Every structure is written in C-alpha cells, then in structure tokens.
Amino acid sequence: MTEPLLEPPPSSFVQLLLARVRDFVREPGVLFWVFGFPIVLAVSLGLAFREKGPERVPVLVVDAPEAAAARGALEASPLLSVRAVAAPGAADALRRGDGLVLVRPGTAGGAPTVEHDPGRPGAPAAAALAADALERGAGRKDVVSPALVRVDAPGRRYVDFLIPGLVGMTLMGGGIWGVGYGLVSMRVRRLLKRLAATPMSRRAFLGSFLVHRVGLALVEVCFLLAFGALAFDLRIAGSLADALVVGLLGTLAFGALGLLVGSRAQNMETANGLMNLATLPMWLLSGVFFSTSNFPTWLRPVVDALPLTALNDALRLVVNDGASLAACAGPLAVLAAWTAGSFAVALRIFRWV
Amino acid sequence: MSPPAVLVRGLVKRYGDVVAVDGLDLEIPAGVCFGILGPNGAGKTTTMEIVEGLLAPTGGEVAVLGRTWARDAGELRERIGVQLQETVLDPLQTVRETLTLFGSFYRRCRRVEDVIADVGLEAKATARVKALSGGQRQRLAVGCALVADPEILFLDEPTTGLDPAARRGLWDVIGRFQARGRTVVLTTHSMEEAERLCDRIAIVDRGRVAALGTPDELVARVGGEEVVELSTDPPLDVATWRAVPGVREATVEGPVHRLVVDRVADALPAVLSRAASSGARPVRLATHRATLEDAFLAVAGRSFADAEAAARPGEAS
C-alpha cells in the first residue's frame, strides 16, 4: 500500500460550526422549542389580553328578590360584568374565582355586603367599584366626575410589555439548554473525551457553540419581533439594530451560563437539574410576564442582578421606550459581568472526560 | 536508534481505595502490533487512557514516541490516533461529515475519500451515523483515528460486541495499517483476536503485566502443545493424571480436569486406559491446541472467567 496523501485540512472552526448547525436542523424537536414555543405563548397570552373591548370586572350577586335593587345598581356600571348566583352556591363561586366579589343583600333592609378576598389580585379594586356602584344606585350624587379616557396606543399595552419578555425568555432557554445540553450529551456519549484525544483547538470548539447560539439568537429576536409587529401591531420604538445588539449580549451571557452549567455534569439527570436550577428562578423573578416592581424592595437588588432581568429591562428600554444603547448601560453591564464570570469559571472547571 | 513507540515504567493509577493499575511496565517497539490482553477489570483501558494522555497517572512514567504528555501534548496528539471503547459518534452527522470534522483538527490530514475507502465505507459515505450497523460504526471510529495517518494507532477493544464478519472486516483495516510499518496498540479480551493480529502480547491481570511475549512464546508457557479436558464418573483425584506418561500438567477447573500434554495422539490412550483401570467412565472429553486462554490460566493461576467474576463489581477496567 502506498503512503497516504496528506493535505492541509479545512478550518476546524468552520467544520465544528457546520456540525452544530446540522445537529440543529436535523433535530425537528429543537426547532419547536426555539420557534414554536414562544409563539404559542405569545399567541395565547396576546389573545387573552387583546380586543375584548373595555375589560369589565366580574361581580357576583346573590339571586334573590331582596337583591334586585343592588343588582340593578351594579348592572348600571359600565365597568362591571354582573352575574347572578343562587345563594347556596354563592360562596363556592367566589372561591372558584367566577367573580372577584360577591354582593349579598342586607338583612332586614340593612346595607348590602361586598364579600371579597383582599389577597386575590384585583379584588380590593373590584370591591371598591362594586361599593361605588351601590352608592350611586342608592342616589349618591357625583361631585367631581373625572373623565375616564381609554389608552390603547401601541407601545403601552400589555402585549407590548410581554413580547420583549418572551424574547428574553427564549434567549435564556436557547443559551442555557442549547449549549449546556449539547455539551453534557457529548460528555455522556464520551465524544468529548474522544475530541480531547485529538489536537482540536478547544477555543474553536467552545467558540463554535457560542457563535452558533448567537446566529440562532439573531434569527429568534427578528422572528419574535416580526411576529409581534404582524400579529399584535408591536411598534419598535428604538432601533432594531440596538435591539439586536442587546439580544446578542444577552445570548453571550446565557451561552456562557450554559457552558458553566454543562461544564462538569456527568449525566443527563444532573444536567437537567442544574439547568432547571438556573432557569426556573429567572422565569419567576425576572419580569417575563409582569413587572419586577411587584417584588418587595429588599428583593429588588437580587432580581436586578439576574441576567434575564437585565436582558428584559434592556430590551424593553429599546423596544418600548425607544432608548439608546447608552441608556441601557446598567443592564448591559450586568450581562457583560455574567458573560465574563461564567466563561472564566467554566473554562477553569470544564471536564472533557 | 528511534525511541520505543511506548514506554511505561511503574505505572500506578488509584481511584480512592481501588487500585486499577498497580506498577505496570511496558515497552512497545515501533512497528509492531502490540496486544494488551486481559479480563475485564484488569486495568487495560485505564492503562490505554493514561498512555493516550487522557488520564493522569497516580504514579510512574509514560513516554510516547520518546516524549511526555507533560511537555509535548500538542505534538503527541498530532502523531497518534485513538479509538475509545465507549465513544458514541454524533448520530445526526454522516460518515463523510464525521471524518471531515475529525480531519480538520490536525495540521495535515488525509483526503476524506481515501479514509472512507480505507475502512470500506464507500457505500455509506452519505449515510448518517445512526443508520450504520455496529460493525460500520466501529470502522468509522477507527477511520476517525486514521484521518491524520498516525504513527501509533491505539484501539481499545475494537471488535467487542461485533459479529464474526464485522470482526474480520475490522481486522483487515488494522492489518493494512500495520503492514505499512506503523505501530498498533490494542486491548482485547478476545484470545482469537490477539493471536490473529498481534506480534507481541502483554497479559495483564490485577493491574500488572503477568506475562509478556509473542503469541507462540506465551502459548509455550503452558508447558505443552495441546490440552485435554476430561471429566469422569466417578470423579478421580487430579493427581492420578500426573503419573500418566505424556501428561505434563494437570489442573482442576470445577468438574473438568485440564491435562497439558505434548501430543494428544500419544497421551490420550494412556489417559483413557488409566481411567478404565481406576473404574471411572469418561463423561466428557475434549482436546484442543494450547491457546492464549491456557496461557492466561498458566500465568495468572485462574481462568479468564474467574478473573472477570472477581473483578466485578466496581469494574475499573
């Protein structure tokens, strides 16, 4: 047999990146998590908050002849939607949340009662509205009569708040699961060990994961923003380029975090646990679905230090408030710190075997 | 004179209290096919992975091509090719993509089509790894080790779990590589594989080299050319056979007596007449030429199966 011909090889970085891309497009399940899942969320949440006319507060009233006056007064209010319930099941209906308050007629011609659980979101305001309607029905004269003006300009609706949060959440999931899961499954299959037995550039290897993630993230950001614009008339107040830069920095932070989470785990169970540990608190705390200002003051420093909070804040500054990148310096610095810290630690503790 | 391909001195590897390798010495000259033979748990894989620079030893010295992993890891990785026992290659990539990827890690690599032809996967070049049979996957794994035309090819149990045809296919690939004067180091627990492929063999037991030599030399350690396996009813004392002319050695393995003889044709009539005169009837009788399995028994003092059973659990092979 003749001596084999040797030639200069193709770029290992390009080959590693191609392998990542092929893995991605050849695994249809992953495509759903990256593109389908956020859209299903956005559609269902968007529909829940969209075009229903003015939101009416659901109010229950006991179905009894002596409650007729109260019922009439409640129905006269444009802000309430009134439902009559039979007295025996009324308390259960309130507990189930069929209405936020339950109005019962007063005994022996006394004042009606407005039952509500102040711990249920919206219940205190609903109780105040019901009391107001009852007062007015009993003949109270309004003194000030402020005009109620409806605001529905794009950029100030819930869906405008929601979509940047979904972008942030998608980038977090893609970074931590995409990178972390990929690395751990290669370790479990002893493929990392096999690669470590070659002169492969470790930088090219880890770089291929990050670059693949960044490329995918740019597609995801554009995709979700375009979907928001088409389906919900989302207006991007700032520049799209700035939004992409923010998305890119967020992706690097989560890619590095994924690298850290996947740097040592020896089996999928440990890896799943670690990834849930990393993502779940941010799902809950980082203001994807509601503003982080709902959290008590003492928790805010923790919440604000989370990378997803920083990413969501920066995205909303650019998309909703039209802020420049300079105005996002605070959250972007938080993202940069997470990127550098996670990457440095991950490289130190990473195990190939 | 060029340095040996692999030189190992006093190698020790401990995992906590478990001693996987216990003072192992090896010298593998360049250009040979060297077999490390032993039961599961003997320390073969641990030794291989230390020599391949994937594990750090607890103690001892390792030099590959005259160089050490501490100083020349980058260069050594360019010059060796490795197939690991448990690697599962990415199932979504094709054969050609996998080989192209591995080739790209080296300073210089062979043409992918040449490697594909070398391991006989021409018809599967565009098939994804998940669609390959076990034998084809294993040939691809060896192909990945051959992409840069290494000076030493390390194979860790390359044919374990393969059917006989797939085994022979892989032996041909290894044989062609070795025929070019390159060094092959392989572990196996297949006696047939070791006898078929290897110029020199180290029998490893309990983390040490129990015997070293060519297959013929090791078989000669058995003390005779052929082996008679015999059990009788009623069972006879094993010492009975040692007095029979032509029987060199007699050992007991369960109900079976193993008699090492120079020539079956000479010894067998004497053995049978001895059984008859003792009033015992042969219930099982088999003969075979002495093999490495007999050699293992001779040097380790226990059979392969017993050694493997003793190594479980806590298998640190």
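What you are looking at is a predicted structure, and each value in this text was computed from that prediction instead of being measured.

Cut-off values and rules
- Residues numbered from 1 in each chain as written.
- Chains lettered and ligands numbered in written order.
- Predicted model: local features only at pLDDT ≥ 70, side-chain atom pairs only at ≥ 80, totals over all residues.
- Heavy atoms only, no water.
- Helix = DSSP H or I, 4+ residues; strand = E, 2+ residues; numbered from the N terminus.
- Buried < 20%, exposed > 50% of the residue type's maximum accessible area, 1.4 Å probe, protein only.
- Contact = heavy atoms within 4.5 Å.
- Areas by Shrake-Rupley, 256 points an atom, 1.4 Å probe, with all protein chains shown as cover.
- Core = buried A, V, L, I, M, F, W, Y, C linked by side-chain atoms within 4.5 Å.
- Buried area = accessible area lost by both parts, 1.4 Å probe.
- Salt bridge = Lys/Arg side-chain N within 4 Å of Asp/Glu carboxyl O.
- Polar contact = N/O pair within 3.5 Å; in protein donor to acceptor, adjacent residues only side chain to side chain.
- Domains from an automatic or database assignment.
- 1 Å grid on protein atoms, 1.4 Å probe; cavity = no way out; pocket = protein on both sides within 12 Å on 5 of 7 lines; lining within 4 Å.
- Points joined across faces, edges and corners; volume = space filled by probe spheres on them.
- Nonpolar A, V, L, I, M, F, W, Y, C, P; charged D, E, K, R; others polar.
- Pairing = 2+ DSSP bridges.
- Axes fitted to C-alpha atoms, helices over the stretch in contact; angles between N-to-C directions.
- Expected span 1.5 Å × (residues − 1).
- Phe/Tyr/Trp six-rings, centres within 6.5 Å; stacked < 30°, edge-to-face > 60°.
- Disulfide = S-S within 2.5 Å.

## Some words on the overall build of chain B
Okay, step 1: Summing up its helical and strand segments, chain B has 12 helices and 14 strands in all.
Okay, step 2: In chain B, which comprises 317 residues, the proportion classed as buried is 56%.
Okay, step 3: Taking all contacts inside chain B whose residues are at least 6 apart in sequence as the whole, residues at least 24 apart take part in 69%.
Okay, step 4: Entry remark: accessible area of chain B is about 13,200 Å², with carbon and sulfur atoms responsible for 49%.

## Details of the nonpolar core
Okay, step 1: Phe205 of chain A together with Val64, Leu99, Ile152, Phe154 and Leu292 of chain B are the most contacted members of the largest nonpolar core, which has 105 residues in total.
Okay, step 2: Looking at this core element by element, the count peaks at 6 residues for helix α6 (residues 164-179) of chain B.
Okay, step 3: If we ignore the near neighbours within four places in the chain, the residues touching Val64 of chain B are Ala5, Val51, Trp69, Leu76, Ile80 and Ile152 of chain B.

## Quick notes on the environment of Ser44 of chain A
Okay, step 1: Structurally, Ser44 of chain A is set in helix α2 (residues 28-48).
Okay, step 2: The spacing of Ser44 of chain A and Leu225 of chain A is 181 residues in sequence and 16 Å in space, taken between C-alpha atoms.

## With respect to the interface of chain A and chain B
Okay, step 1: Contact residues are listed per partner, giving 32 residues for chain A and 37 residues for chain B.
Okay, step 2: When chain A packs against chain B, the two sides together hide about 3,400 Å² of surface, and 59% of this comes from carbon and sulfur.
Okay, step 3: If you sort the residues of chain A by the area they bury against chain B, Arg26, Arg194 and Pro199 of chain A come out on top, with a joint share of 20%.
Okay, step 4: Run the count over chain A and chain B and you get 4 salt bridges.
Okay, step 5: Where Arg22 of chain A meets Glu97 of chain B, a salt bridge forms, and the shortest distance between an N and an O atom there is 3.3 Å.
Okay, step 6: In this structure, the connection of chain A to chain B is made through 15 residue pairs in polar contact (both at pLDDT 80 or more).

## Overview of the domain arrangement of chain A
Okay, step 1: Taken domain by domain, chain A holds domain 1 (57-150) and domain 2 (158-349).
Okay, step 2: When each unit is reduced to the centre of its C-alpha atoms, the spacing between domain 1 of chain A and domain 2 of chain A is 46 Å.

## Some words on the layout of surface pockets
All names here are of chain A.
Okay, step 1: Here the largest pocket defines a volume of roughly 1,000 Å³.
Okay, step 2: Along the walls of the largest pocket sit 35 residues, with Val30, Trp33, Trp177, Gly178 and Tyr181 positioned nearest its centre.
Okay, step 3: Broken down by secondary-structure element, the contributors of at least two residues to the lining of the largest pocket are α1 (12-25), α2, α6 (158-188), α8 (202-232) and α10 (268-285).
Okay, step 4: Across the lining of the largest pocket, the residue classes tally to 18 nonpolar, 10 polar and 7 charged.

## Description of the environment of Thr183 of chain B
All names here are of chain B.
Okay, step 1: Mapped onto the fold, Thr183 is located in strand β8 (residues 183-188).
Okay, step 2: Those residues within four positions of Thr183 in sequence are excluded, and the remaining contacts are Ala5, Ile28, Pro29, Ala30, Gly31, Val32, Glu151, Ile152, Leu153 and Phe177.
Okay, step 3: A distance of 2.8 Å separates a polar side-chain atom of Thr183 from the backbone nitrogen of Gly31.

## Here's the deal with the pattern of salt bridges
All names here are of chain B.
Okay, step 1: One pass over the full model with this rule turns up 40 salt bridges over all chains.
Okay, step 2: Across the pair Arg281 and Asp233 runs a salt bridge, and its minimum N-O distance is 3.7 Å. In this pair, Arg281 is assigned in strand β14 (residues 281-289) and Asp233 in strand β11 (residues 226-233), connecting sequence segments 48 residues apart.
Okay, step 3: Among the ionic contacts, a cluster of salt bridges with common partners joins Arg67, Asp72, Glu75, Arg79 and Glu151.

## What to know about the sheet that holds β11 of chain B
All names here are of chain B.
Okay, step 1: The strand order β12-β13-β11-β14 describes an open sheet built from 4 strands, whose pairing is antiparallel. What marks the edges here is a single partner per strand, and that holds for β12 (247-253) and β14. The average undirected angle you get between the axes of adjacent strands in this sheet is 20°.

## Overview of α6 of chain A
Residue and element names in this part refer to chain A.
Okay, step 1: Relative to the 45 Å expected for 31 residues at 1.5 Å per residue, α6 spans 43 Å between its end C-alpha atoms, a close match to the ideal helical length.
Okay, step 2: Counting buried positions along α6 yields 24 of 31 residues, so the element is predominantly enclosed.
Okay, step 3: Phi turns positive, to about 60°, at Arg190, one or two residues after α6.

## Brief notes about the sheet that holds strand β9 (residues 200-205) of chain B
Residues and elements named next belong to chain B.
Okay, step 1: An order of β5-β7-β8-β3-β9-β10 is seen for the 6 strands of this open sheet, with the pairing classed as mixed. In this open sheet, the two edge strands, each paired with only one partner strand, are β5 (80-83) and β10 (208-213). Across the sheet, the mean angle separating the axes of adjacent strands is 15° when strand polarity is ignored.
Okay, step 2: Against the sheet, α6 touches β3 (33-37), β7 (152-156) and β8, its axis set at about 150° to β8.

## Quick word on the packing of aromatic side chains
Residue and element names in this part refer to chain A.
Okay, step 1: Evaluation of the coordinates by the stated rule reveals 9 aromatic pairs over all chains.
Okay, step 2: Considering the side-chain rings of Phe205 and Phe209, the 5.3 Å spacing of their centres and the 70° angle between planes classify their relative orientation as edge-to-face. You can see Phe205 and its partner Phe209 sitting in helix α8, 4 residues apart, about one turn around the helix. Phe209 matches Phe205 in its accessibility class, with the two residues each being buried.

## Quick notes on empty space enclosed by the protein
Okay, step 1: What the rule picks out here adds up to 2 cavities of 30 Å³ or more.
Okay, step 2: In this structure, the largest cavity spans a volume of roughly 140 Å³.
Okay, step 3: Lining the largest cavity are 15 residues, and of these Met186 and Leu191 of chain A together with Asp90, Gln93 and Leu101 of chain B lie nearest its centre.
Okay, step 4: Counting residues per element, the ones that place at least two in the lining of the largest cavity are α1 and α7 (191-196) of chain A together with α3 (95-103) of chain B.
Okay, step 5: A per-element tally of the lining of the largest cavity places α1 of chain A first, with 4 residues.
Okay, step 6: Looking at the lining of the largest cavity residue by residue, the classes come out as 9 nonpolar, 2 polar and 4 charged.
Okay, step 7: In this model, the second largest cavity occupies a volume close to 30 Å³.
Okay, step 8: Mapped onto the lining of the second largest cavity, the elements with two or more residues apiece are β2 (18-28) and α1 (44-51) of chain B.
Okay, step 9: The element best represented in the lining of the second largest cavity is α1 of chain B, accounting for 3 residues.

## Concerning the pairing of β7 of chain B
Residues and elements named next belong to chain B.
Okay, step 1: Within β7, 5 of the 5 residues are buried, which leaves the element mostly enclosed by the surrounding structure.
Okay, step 2: In β7, alternate side chains face the same way, and those of Ile152, Phe154 and Asp156 on one face and Leu153 and Leu155 on the other are all buried.
Okay, step 3: Pairing of β5 with β7, which is carried by 4 bridges, proceeds in the parallel orientation. Opposite Gln83, over in β7, you have Leu155 as the bridge partner.
Okay, step 4: In this sheet, β8 lies alongside β7 in parallel orientation, the contact comprising 5 bridges. For Asp156, the partnering residue across the bridge sits in β8 and is Thr187.

## Digging into the state of the cysteines
Residues and elements named next belong to chain B.
Okay, step 1: Enumeration over the complete set of coordinates arrives at 0 disulfides over all chains.
Okay, step 2: No disulfide involves Cys33; its sulfur sits 4.2 Å from the nearest other cysteine sulfur, which is in Cys198.
Okay, step 3: Cys198 gets classed as buried once you look at its relative accessible area, which sits at 6%.

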